[in-house]
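Here is what each chain is made of, one letter per residue.
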Amino acid sequence: MAKTKWALDPSHSSVDFSVRHMMIANVKGTFNSFNATIEADPTDLTSATIEFSVETGSVDTRNKDRDGHLVSGDFFDVENHPTMTFKATNIVKTDDGEYNVTGDLTLRGTTKSETFAVTFEGQGKDPWGNEKVGFSAEGTINRSDYGLVWNAALETGGVLVAEKVKISLQLQAAKAE
């Protein structure tokens, strides 16, 4: 298949994260507003062009106080850095339908190279005849690399919020006209 433009379907996609809390449990969250530009042959992503953006103010952990703290200057600093972006710079096929997608992740004004394991989940037509593709992606970043360094020491030892943040994406896109 030739390289094709794909339009992200946000109603069938998600951008989720989890981080260790108090060294005893994981807290999960999601971003409700995001977009992607994808130009690819879904059966061979090695030559794909992928750009992704997330509105950091759309964070949702099901706790208004925590979400308020996350958008503040202690974390995302949404007032000065309303968007997190990712632009693929290198894509390597690791197995059938599986890839390591490396790119520039920019968060809170800092850009670092990060790699995500991406799986092509499949392709088909919806009941209205629209061509659709699905992908999943997993990766882990160190939040302090991006200036998200707020923390609190626990009296039992350790810290309130872990450094490593796991990121998980489920993406569905439609062939663009």
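Look a little higher up for the structure.
Here we summarise the structure given alongside this text. (Residues numbered from 1 in each chain as written. Predicted model: local features only at pLDDT ≥ 70, side-chain atom pairs only at ≥ 80, totals over all residues. Heavy atoms only, no water.)

### Regarding the pairing of strand E1 (residues 4-8)
Point 1. Here E1 shows a buried face lined by Thr4, Trp6 and Leu8 and an unburied face lined by Lys5 and Ala7.
Point 2. Where E1 and strand E4 (residues 34-41) come together, 4 bridges link them in antiparallel fashion. Opposite Thr4, over in E4, you have Ala40 as the bridge partner. (Buried < 20%, exposed > 50% of the residue type's maximum accessible area, 1.4 Å probe, protein only. Helix = DSSP H or I, 4+ residues; strand = E, 2+ residues; numbered from the N terminus. Pairing = 2+ DSSP bridges.)

### Thoughts on the packing of aromatic side chains
Any two aromatic rings considered together are summarised by their centre-to-centre distance and by the angle between their planes.
Point 1. If you walk through the whole model with that rule in mind, you get 5 aromatic pairs.
Point 2. Ring centres of Phe17 and Phe31 lie 5.5 Å apart, and the angle between their planes is 40 degrees; this geometry places the pair in the tilted category. Note that Phe17 is positioned in strand E2 (residues 14-21) and Phe31 in strand E3 (residues 25-31), a separation of 14 residues in sequence. The pair formed by Phe17 and Phe31 is uniform in burial state, with each residue classed as buried.
Point 3. Ring centres 5.6 Å apart and planes at 50 degrees place the aromatic pair Phe120 and Phe135 in the tilted group. With a gap of 15 residues between them, Phe120 in strand E9 (residues 110-125) and Phe135 in strand E10 (residues 131-142) connect regions that are remote in the sequence.
Point 4. Pairwise contacts between aromatic rings join Phe17, Phe31 and Phe76 into one cluster. (Phe/Tyr/Trp six-rings, centres within 6.5 Å; stacked < 30°, edge-to-face > 60°.)

### Remarks on unusual backbone geometry
Point 1. Not every positive phi belongs to a glycine, and Arg62 is a case in point at roughly 65 degrees.
Point 2. Although it is not a glycine, Asp77 adopts a positive phi angle of roughly 50 degrees.
Point 3. Relative to the helices and strands, Asp77 is located in the loop between helix H1 (64-71) and strand E7 (83-95).

### Quick notes on the side chain of Thr102
Point 1. Tracing the backbone shows Thr102 in strand E8 (residues 98-107).
Point 2. For Thr102, a relative accessible area of 18% corresponds to the buried category.
Point 3. Once you skip the residues sitting within four places of it in the chain, Thr102 turns out to touch Phe86, Ala88, Thr89, Asn90, Ser113, Glu114 and Thr115. (Contact = heavy atoms within 4.5 Å.)

### Some points on the nonpolar core
Point 1. Membership of the largest hydrophobic core comes to 41 residues, with the highest contact counts inside it found for Phe31, Leu45, Phe52 and Ile91.
Point 2. Contacts of Ile91, omitting those with residues within four sequence positions, involve Leu45, Thr46, Ala48, Ile50, Tyr99, Asn100 and Val101. (Core = buried A, V, L, I, M, F, W, Y, C linked by side-chain atoms within 4.5 Å.)

### As for the side chain of Thr61
Point 1. Looking at the element boundaries, Thr61 is found in the loop between strand E6 (59-60) and H1.
Point 2. Take Thr61: its relative accessible area is 2%, and that puts it in the buried class.
Point 3. At a separation of 2.9 Å, a polar atom in the side chain of Thr61 contacts the side chain of Arg66.
Point 4. Dropping the residues within four chain positions of it, Thr61 is found in contact with Phe17, Lys28, Gly29, Arg66, Asp67 and Leu70. (Polar contact = N/O pair within 3.5 Å; in protein donor to acceptor, adjacent residues only side chain to side chain.)

### A look at the pairing of E8
Point 1. Note: E7 against E8, 9 bridges, orientation antiparallel. Paired with Phe86 across the two strands is Leu105, which belongs to E8.
Point 2. Hairpin connection of E7 to E8: 2 residues between the antiparallel strands, including Gly97 at a positive phi of 75 degrees.

### A word on the environment of Val59
Point 1. Relative to the assigned elements, Val59 resides in strand E6.
Point 2. We classify Val59 as buried; its relative accessible area is 7%.
Point 3. Residues Val59 and Leu70, 11 residues apart in the sequence, show an inter-C-alpha distance of 7.7 Å.
Point 4. Excluding residues that lie within four positions of it along the chain, Val59 makes contacts with Phe17, Thr30, Phe31, Asp67, Leu70, Val71 and Phe76.

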